[in-house]
Amino acid sequence: MRDESKLTERPRADPTASAPARRGDHRFTLGASVVLAVLVLYISDRAMRRAEKSDVLVASGQTGFSWLDGFLTKRAAQQTELRKLTIALEAARSVERRIQAHYAIVNFESKQGRPTGRRALASLRAIVTEGADLPQTIDAWRELLRLAQSHDTRDDFEKLLDAYSQAVSQMPVTPAKLLKLLDVWNLSADRRRDDLEIKALERVHREFPIAPEALAAYEALALKYRLADNRSRLAEVDESIRKTRRLIARQVEEQEFAQRFQAALQAKDIARAEETLASMSPGLLAGVDYWGFYSRFIALCEAENKTENAVRMLLKAAVVFPAGNLKDDQRASVLTSVALLHLEQRRDADAATALDGAPVNAKVKPWQQHARVQLWLAATNGPPPVTSARIPRMTMPPWVKNAAAEDTGTRWIALSGAASNDVLTTRWRAAFNATHLHIQVDCAEPDPGKMRAAHLKPDEKIWEDDCVEVFLCAPRSDAQYSQIISNSKGIGADLRYSRKSILAPLTYSSDLKWSANAAITAAATNTNWRVEFSIPWETLAIRPSDGVCFFNIRRQRYVTGKLELFSWSEGGKTGNDPVSMGLLFLDR
């Protein structure tokens with residue numbers, strides 16, 4: 001008989017498992033096998049195609065799955081960029097270049113979402129180790145401070161705060177430094193580091209004595225000085241507090257002004273907008289966006305066909321404009337030019353009125369002087385603000401027929417210059433009629449044999465000889481002006497100057513081909529030489545009926561080997577454009 005107990009018992013099927021479940025297990029196993037087989041075949045086929053370079057996509061490292069290819073492409077680009085940053089770091093020789101390279105790595109890690117990763121922290125530590133307290137290390141110290149603060153490592157934080165403060169103290173005095181000093185003060189106050197706090201506050205006050213952003217720091221410093229009974233330093237801080245509060249009050253006033261002006265513009269209320277601009281004090285001009293305000297006011301006046309309001313306001317603005325940097329000067333001269341352009345186009349003498357209390361001083365800017373002259377021309381109120389002369393109307397002055405003739409209807413007017421004296425007296429007289437302006441200029445010359453007269457053809461560079469120059473410009477305009485020149489032999493040249501742009505109001509281009517059609521004669525003796533000009537009004541684009549024009553006469557003398565300049569208009573000693581001219585009144 002068999003011993004049944006020694007036989008291995010076969011496992012019996014679970015009677016509780018259903019047939020469909022058992023079939024599902026088999027299907028899963030079969031499916032997994034199929035997927036695995038397909039994947040193996042795909043990978044082996046892809047490897048073969050890559051080796052034979054028979055497939056562009058496979059050869060370039062793509063899998064064919066868009067989501068996977070996108071991930072791999074992005075990762076490859078990141079690795080490439082990181083390699084470039086690493087190479088740049090290895091190539092950097094100076095401390096400054098190495099700091100820049102480390103910052104580039106920190107920024108790269110932050111973009112990848114790893115601002116506190118191993119690589120970013122290593123670069124931050126390298127920056128502060130190599131740069132110590134250089135200003136370039138400030139951002140690195142601050143980031144390490146932030147990390148230490150978040151992990152509440154007090155000892156590390158105190159050391160980092162000291163180093164951060166030292167680096168900030170090395171910064172140049174700029175608004176950025178003020179913000180960093182205030183940051184040091186706040187961090188020191190939070191940690192109750194009184195020594196570091198007082199240093200930061202004193203540095204803020206010393207380097208930024210009047211700054212609205214620092215008012216709280218001034219007040220904190222004043223409180224510490226009061227507690228320490230440090231009266232001498234307290235007085236200085238209190239003065240800074242007073243000045244800063246006044247500055248803040250002015251800024252509030254500026255904001256209120258801007259709001260009132262904007263409301264007037266939105267309502268298209270030109271009268272209220274003009275009144276608001278007129279109320280703007282010179283102190284406000286330095287702080288508000290005056291250029292933007294005037295530009296918007298001009299646009300509103302143009303849209304509402306109220307050009308005369310724009311002209312009046314622009315000229316007033318130019319006169320009271322604060323002395324400032326070159327940029328401010330350029331903007332103010334543009335304001336003047338825009339106003340003059342309106343006057344020229346409208347030819348409206350009532351478009352501007354004189355400004356009461358306009359500043360008058362020797363240091364006035366040229367464009368301010370020009371604006372003042374234009375305001376005066378429009379109102380003709382009081383004495384002219386520049387050099388001026390009045391000439392009579394005559395059918396024909398006596399000297400036109402006889403150069404040596406004298407007459408009682410005109411008078412000689414002297415020019416002034418650095419070398420002006422009785423020996424070198426230069427004088428002129430003039431008269432006009434409906435068609436021509438007649439000018440005679442007498443130049444005393446003790447050494448006529450040394451006079452320079454090298455140019456013998458018209459429209460050559462006559463200004464390189466001993467010569468007389470006449471400058472003329474129509475009133476209420478500065479877009480064009482004319483220059484007529486003659487040397488001692490009566491050889492002449494005439495030029496027309498045209499303003500290049502409203503945005504470059506004092507910049508002109510010259511045209512030597514232009515002709516004034518002037519008649520010029522000259523004669524010399526052993527003691528002097530004289531020149532006469534008869535210039536048609538028509539070619540000058542000046543109307544005698546206006547009763548006035550911009551005018552100047554200059555003499556250039558080269559007898560001594562260097563230029564000696566004589567000018568009737570004081571402004572003509574430094575320039576020859578309309579801003580430098582005087583006023584010539586034509587009797588009616």
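What counts as what
- Position labels on residues start from 1 in each chain and follow its written sequence.
- Only residues with pLDDT of at least 70 are given local features in this predicted model, and only at 80 or more are side-chain atom pairs given and counted; all residues enter the totals for whole chains, interfaces and linings.
- Where side-chain values are given, they derive from all heavy atoms of the structure, hydrogens and water being excluded.
- Only C-alpha atoms enter the line fits that serve as axes; for helices the fit covers just the stretch in contact. Angles between N-to-C directions range over 0 to 180 degrees.
- Comment: elements are numbered from the N terminus, with helices defined as DSSP H or I runs of at least four residues and strands as E runs of at least two.
- For classification purposes, angles smaller than 35 degrees are called roughly parallel, those larger than 145 roughly antiparallel, those between 65 and 115 roughly perpendicular, and all remaining angles oblique.
- A clockwise turn of the near helix away from the far one marks a right-handed crossing, whereas an anticlockwise turn of less than a right angle marks a left-handed crossing.
- Note on definitions: a residue-residue contact is assigned when non-hydrogen atoms from the two residues lie within 4.5 Å.
- In the scheme used here, Gly and all other residues not listed as nonpolar or charged are polar, with Ala, Val, Leu, Ile, Met, Phe, Trp, Tyr, Cys and Pro taken as nonpolar and Asp, Glu, Lys and Arg as charged.
- The buried label goes to any residue with under 20% of its type's maximum accessible area, the exposed label to any with over 50%, and the partly exposed label to all in between, with areas taken from a 1.4 Å probe on protein chains only.
- DSSP-based pairing: two strands are paired if at least 2 bridges between them are found.
- The salt bridge definition used is simple: a Lys or Arg side-chain nitrogen within 4 Å of an Asp or Glu carboxyl oxygen.
- Working definition: rings of Phe, Tyr and Trp (its six-membered ring) pair if their centres are within 6.5 Å, and the pair is stacked with planes under 30 degrees apart, edge-to-face with planes over 60 apart, and tilted otherwise.
- Values of pLDDT, the confidence the predictor places in each residue, fall between 0 and 100.

The next thing to look at is the packing of helix H11 (residues 231-266) against helix H12 (residues 270-278). Packing of H11 against H12 leaves a shortest axis separation of 8 Å and a crossing angle of 160 degrees. On the basis of the axis angle, H11 is roughly antiparallel to H12. Crossing handedness for the pair H11 and H12: left-handed. Residues Phe257, Arg260, Phe261, Ala263, Ala264 and Leu265 of H11 touch H12, and the partners they reach there are Arg272, Ala273, Thr276 and Leu277. Tallied by class, the residues present in the contact of H11 with H12 amount to 7 nonpolar, 1 polar and 2 charged.

A regular strand carries its side chains on alternate faces of the sheet. Taken across its 7 residues, strand S6 (residues 467-473) has 7 buried, putting it largely inside the fold. Of the two faces of S6, both are covered, the one formed by Cys467, Glu469, Phe471 and Cys473 as well as the one formed by Val468, Val470 and Leu472. Pairing of S6 with strand S7 (residues 480-487) involves 6 bridges; the strand directions are antiparallel. If you follow Glu469 over to S7, its bridge partner there is Ile485. Across 7 bridges, the pairing between S6 and strand S12 (residues 548-557) is antiparallel. Residue pairing in the sheet places Cys467 in a bridge with Gln556 of S12.

Let's shift gears to the pattern of salt bridges. Following the criterion strictly, the structure yields 29 salt bridges and no others. In this structure, Arg114 engages Glu109 in a salt bridge whose closest nitrogen and oxygen atoms are separated by 2.8 Å. Using a relative accessible area of 34% as the deciding quantity, one classes Arg114 as partly exposed. Within the structure, one salt-bridge network assembled from shared partners comprises Glu158, Asp162, Arg193 and Asp195.

Moving on to the packing of aromatic side chains. Across all of its chains, the model carries 8 aromatic pairs by this definition. Ring geometry for Phe257 versus Phe261: centroids 6.2 Å apart, planes at 15 degrees, classification stacked. In this pair, Phe257 and Phe261 both sit in helix H11, 4 residues apart, roughly one turn of the helix. Neither Phe257 nor Phe261 differs from the other in exposure class; each is buried. On the basis of an interplanar angle of 80 degrees and a centroid distance of 5.5 Å, the ring pair of Trp428 and Trp568 is categorised as edge-to-face. Here Trp428 is found in strand S4 (residues 426-432), whereas its partner Trp568 is found in the loop between strand S13 (564-567) and strand S14 (582-586), with 140 residues between them in sequence.

A few words now on the confidence of the model for the protein chain. On average, residues of the protein chain carry a pLDDT of 80, and 78% of them reach 70 or more. The secondary-structure element of the protein chain with the lowest mean pLDDT is helix H2 (residues 56-59), recorded at 51, while S6 shows the highest, at 96. Contacts from residues 348-362, a stretch scored under 50 in pLDDT, to residues over four places away or in other chains number 27 contacts.

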